[in-house]
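Coordinate analysis (summary)
Residues per chain, in single letters:
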Amino acid sequence: MLELQRKSYIIEAELIGTTEIPPLTETFEQLQNCGETFIGYYIDNKLAGAVSYKREAGTLDIHRVMVHPDFFRRGIAAKLIKHIEAHEKNTSKTIVSTGAANLPAVRLYEKLGFHRTEDAIVGNGIVIANFIKRNDIS
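The sections below set out a description of the structure shown in this document. (Residues numbered from 1 in each chain as written. Predicted model: local features only at pLDDT ≥ 70, side-chain atom pairs only at ≥ 80, totals over all residues. Heavy atoms only, no water.)

Okay, the packing of aromatic side chains next. Inspection of the entire model under this criterion finds 2 aromatic pairs. An angle of 70° between the planes, with centres 5.9 Å apart, marks the rings of Tyr109 and Phe114 as edge-to-face. Residue class for Phe114 comes out buried when judged on its relative accessible area of 3%. Centre to centre, the rings of Tyr109 and Phe131 are 5.5 Å apart; their planes meet at 55°, and the pair counts as tilted. In this pair, Tyr109 sits in helix H5 (residues 103–111) while Phe131 sits in strand S7 (residues 126–134), placing the two residues 22 residues apart along the sequence. Here Tyr109 matches Phe131 in class, with each residue buried. Through pairs of rings, three or more aromatic residues link up here, namely Tyr109, Phe114 and Phe131. (Phe/Tyr/Trp six-rings, centres within 6.5 Å; stacked < 30°, edge-to-face > 60°. Buried < 20%, exposed > 50% of the residue type's maximum accessible area, 1.4 Å probe, protein only. Helix = DSSP H or I, 4+ residues; strand = E, 2+ residues; numbered from the N terminus.)

What follows is the structure, encoded as structure tokens:
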């Protein structure tokens, strides 16, 4: 998982213009103890992608969306997000964030019905785009 994370997030780092993002410096122990639920997507027994999330007080909070660069443009990220949304029922909203300059991720979240909320500035001036999707829990 850590190898996938590094290979995936180095691409985002290039898009947003800095390698100073937590997924690139996180240790195995930190990843192992993060408290997130992980779902993997395999192609020919190779981990091609993964998503992680936490569910808290009616909110499905997507923490990581990772796709190995060898498997880009195959819809893996969308499939993973749709999978957790389908299996984590009775949530009022789903939230996710990405670097604002990560246009492929921004377009993906918009395509999946997320609405961009207020951006945040973190660290050394990195702009984070925050997204929300209201869920029908009827």
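Residues spaced three or four apart along an α-helix face the same direction, because each turn holds 3.6 residues. Over its 12 residues, helix H4 (residues 76–87) runs 17 Å from end to end, which matches the ideal 16 Å to within 8%, given 1.5 Å per residue. Of all the positions in H4, only Ile76, Ala77, Ala78, Leu80, Ile81 and Ile84 are classed as buried. On its buried face, H4 is in contact with strand S1 (37–43), strand S2 (46–56), strand S3 (59–67) and H5. (Expected span 1.5 Å × (residues − 1). Contact = heavy atoms within 4.5 Å.)

Turning our eyes to something else, we now look at the pairing of strand S4 (residues 93–99). Looking at chain direction, S3 and S4 are connected through 3 bridges and run parallel. In the sheet register, Thr59 faces S4, and the bridge partner there is Lys93. Crossover connection from S3 via H4 to parallel S4: handedness right-handed. (Pairing = 2+ DSSP bridges. Right-handed = clockwise from strand over helix to strand, strands pointing away.)

Residue Asn45 is not a glycine yet carries a positive backbone phi of 65°. With respect to the secondary-structure elements, Asn45 resides in the loop between S1 and S2. You will see that Ala57, though not glycine, has its phi angle at about 45°, which is positive. Within the secondary structure, Ala57 is located in the loop between S2 and S3.

This part covers the pattern of salt bridges. In this structure the tally under the stated criterion is 6 salt bridges. Among the ionic pairs, Asp70 bridges to Lys46, the shortest N-O distance being 3.7 Å. With Asp70 in the loop between S3 and H4 and Lys46 in strand S2, this pair connects stretches of sequence that are 24 residues apart. Lys46 sits in the partly exposed class, given a relative accessible area of 37%. One salt bridge connects Asp119 with Arg116, and the closest N-O pair in it is separated by 2.8 Å. With a relative accessible area of 34%, Asp119 lands in the partly exposed category. Linked through salt bridges whose partners overlap, the residues forming this network are Glu26, Glu36 and Arg64. (Salt bridge = Lys/Arg side-chain N within 4 Å of Asp/Glu carboxyl O.)

The next point concerns the pairing of S1. Pairing of S1 with S2, which is carried by 7 bridges, proceeds in the antiparallel orientation. Each residue of the ladder has a partner; that of Phe38, found in S2, is Ser52. Joining the antiparallel neighbours S1 and S2 is a turn of 2 residues, in which Asp44 adopts a positive phi near 50°.

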